[in-house]
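Commentary on secondary and tertiary structure
Given next are the chains, with one letter for each unit.
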Amino acid sequence: MGETVVKLENMVKRYGDLIALDHFSLEIQAGEIFGLLGPNGSGKTTTINCLLSLLSYDKGEIEIFGKKMSPTAYDIKQQIGIIMQEVAVFDELSVYENIDYFCGLYIHDKETRKQYVEDAIRFVGLEDFVKFRPKKLSGGLLRRLNIACGIAHKPKLIILDEPTVAVDPQSRNKILEGIAELNRNGATVIYTSHYMEEVEQLCTHIVIMDKGKKIAEGTKDELKRMIKNTETVTIEILELPEAVREEIGRLPHIYETEYKDDRFTVRCSGGKHNLIRILDVLKQNDLSFGRVYTELPTLNDVFLEITGKSLRDKED
Amino acid sequence: MQVFKAFLRVMRSKMSTAFIYIGIFLAIAVIMTNSDQGEQTKVFSGSKVNIVVYDDDDTPESRALRDFIGTRHNLKELERDTDKMKDVSYMGFNSDIQYIMTIEKGYAEKLRAGEYDGLFSHYRMHDSYEGMLIEQLLSEYLGTVRAYQAVGQPLDAALSRTEAVLNEETAVTIRNYDSDTAQSDVPPLLDDYFRYLPYILLSVLIEVLCPVLLALGKRTIRYRTNCSSVRPASYTLQIILGSALFVVGIWLLFIIAGITQFGMFSGKTWLTLLNSFLFAMISVSLAVLIASFHPGELVVNLMAQILGLGMSFMCGIFVPMEWLGSGVVAAARFLPAYWYVKANNIICGVSAYDGKMLFACLTIQLGFAAAFALLAMVVRRRKYAGTEQMA
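Rules used in this analysis
Residues numbered from 1 in each chain as written. Chains lettered and ligands numbered in written order. Predicted model: local features only at pLDDT ≥ 70, side-chain atom pairs only at ≥ 80, totals over all residues. Contact = placed C-beta atoms within 7 Å. Helix = DSSP H or I, 4+ residues; strand = E, 2+ residues; numbered from the N terminus. Nonpolar A, V, L, I, M, F, W, Y, C, P; charged D, E, K, R; others polar. Core = buried A, V, L, I, M, F, W, Y, C linked by C-beta atoms within 7 Å. Buried ≥ 20, exposed ≤ 12 C-beta atoms within 10 Å, placed from the backbone. Pairing = 2+ DSSP bridges. pLDDT = per-residue confidence, 0-100.

Let's talk about the interface of chain A and chain B
- The interface is formed by 28 residues belonging to chain A together with 20 residues belonging to chain B.
- Secondary structure elements with two or more residues in the side of chain A that touches chain B: β2 (18-29), α1 (44-51), α2 (74-77), β6 (80-83) and α3 (95-104) of chain A.
- Looking at the side of chain A that touches chain B, the element that brings in the most residues is α3 of chain A, giving four residues.
- Of the residues that constitute the side of chain A that touches chain B, the class distribution is 17 nonpolar, six polar and five charged.

Dropping the structure here:
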């Protein structure tokens, strides 16, 4: 830790009247799994495209590995691996030929490349499919091939742009495990997603962005500490008199109550034993209740509290 | 050379289409050569009918007629059986005999008396072409005899003069490509081979090269390639190298096949190489232009057929230019295949040799190739400039 791998300063990118990046800055340290979290259209992919010099930008500076990034900074590009949301492979080439092609764009020595390609195949577990064409692979295997093509040249910085969109849960877990392993092997990872659970599970440092702006940054615990909500208690109850609800609302550390569709939701801010105190009030009033469960705050709660809207789109 | 290698690997997967086109074309070329069509069309001979002549008159005059018919047609023997004779009327082409005639008794006497009706009876298939030939001959014979008799010639003299006059044959010369090109350096049928070449070049280059360029130019693949440390100039150069290797390879294949089939080129024939190479350049630039629009596989196939067949029918490849309407020829001037065929005709001696016109044809083709390539560059530049997307 400590060495800055990526530095974006005061980035501005406009598409006509639309501001895609609005004075956006970030710093990524070596060895991090850096999460870029935000809803669709928040500017995540624009940030990545600017970072890779695939897009021009109106203002700002980008440094990678301490050097200024530009379209002709081939020594920097040499050390970057990219894995996109869409599978980017040749349908006409076999699994081995695909990995060999993309690895060969960086590694020119034939022997080294052969070794790297075999390592990548082993890493994603495609040993039994090397001669298969992509069309013969299942969705999960295809995603693994996509990852192998991006990491075969053993880059120091790996950028994963929403790699788990439309992937089944089993394959998703394998992908996340693989990313963690790449990081353990020494790569710095930038991971963009609008799936908060993935970012929570994987990332050591997170930036939440919306409308091209950074709205929060820190570790997952730091982010959660930024908000008032520390615990949400939900109780299934058929009848809840208004007086009882108000009594519970007056308890210490409770800042919001809601009763809707036979579910009583209580949001707590700090404190201990909140659940016991709530249940005591219900018992004292002879009220029977069904299931009771408590939830710790998620990054979605963080996003919700800061922006007033949910991270995920409705279709997600 | 990773991009170049990928180019070749992707191309390998598309080569089956090319082999189908090339195979069919070369097979047709071999069949054409071996069929020795040239000899068949050079020799003229009149049609001959298998005819049976019964001479009931049996006079020197009737025998003279029988012999005269024998000089023009094939005299056959047939047993005088009415049923067999009637068969000719029904079987026609299926029969070995197409016409049966009887010179009626009294033929010589009637001729001498200047009577020309009822001289013959016949069996033949109704409205048959062979029947008309024989009857035309008899009519001609009797008409000439009558003419000589009318000017006071005795029958013997009239018959012998008629025979002499009618035996004079008109010399027939067939003018075709072979007789014309025989005067030039071009081996027989080589002009046909080069005339059909544009269709096959267009089809093969569009059908194979377009999908390869599309595969390499797929948005996601380009994205990943652009992220890599490959320099754009090197990338483009490798694509150009792959395309050039393919087009030159295909062109050479046809040239070598041409030499194998028709012998080594000589004299002006070498110009066909330049002409066909220029057309190969047009085809490849057209393929790059089509690929620049990122069409689907079906559209590529459709374009290959439309351009290949369209130019072939309009520009004198499938149908000789002389048979095309003036409107079609006027429109064809805007297509490169027209100038290719025009140049090919000049080189192969189908048209009179005109060095200036030949140079113009070759230059125009070069212009087409450059124009398509330039257009492709403009389209590609616009396409890639518009790829910035909001995340």
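So much for the structure itself; the text now carries on.
A look at the nonpolar core
- Counting residues in hydrophobic clusters, the biggest one holds 150 residues, and the most contacted among them are A148 and Y191 of chain A together with L205 and I206 of chain B.
- The dominant element in this core, judged by the number of residues it contributes, is helix α9 (residues 190-216) of chain B, at 19 residues.
- Discounting residues that sit within four places of it in the chain, Y191 of chain A has contacts with I33, F34, G35, L36, L160, I179, V199, L202 and C203 of chain A.
- V49, A108, L119 and V145 of chain B belong to the second largest nonpolar core, which has 22 residues in total.

A look at the pairing of β6 of chain A
Residue and element names in this part refer to chain A.
- The side-chain alternation of β6 yields two buried faces, one formed by I80 and I82 and the other by G81 and I83.
- Alignment of β6 against strand β7 (residues 157-161), held across four bridges, turns out to be parallel. Residue pairing in the sheet places I82 in a bridge with I159 of β7.

What to know about helix α11 (residues 299-307) of chain A
- The complete set of buried residues in α11 of chain A reads L299, D301, V302 and F303 of chain A.
- Turning to α11 of chain A, the residues buried within the fold contact β3 (33-37), α7 (196-202), β9 (205-210), β10 (213-218) and α8 (220-225) of chain A.

Quick word on the confidence of the model for chain A
- Per-residue pLDDT for chain A has a mean of 87; in total, 97% of the residues score no lower than 70.
- Within chain A, the element-level pLDDT minimum falls on α11 of chain A, averaging 78, and the maximum on α3 of chain A, averaging 94.

Side note on the pairing of strand β1 (residues 4-15) of chain A
All names here are of chain A.
- Bridge count for β1 against β2 is nine bridges, and the pairing is antiparallel. Bridging from a neighbouring strand, T4 pairs with Q29 of β2.
- The loop that links β1 with its antiparallel partner β2 comprises two residues; one of these, G16, has a positive phi angle of about 65 degrees.
- Direction of pairing for β1 relative to strand β4 (residues 59-64): antiparallel, over a ladder of five bridges. Bridging across to β4, E9 finds its partner in E61.

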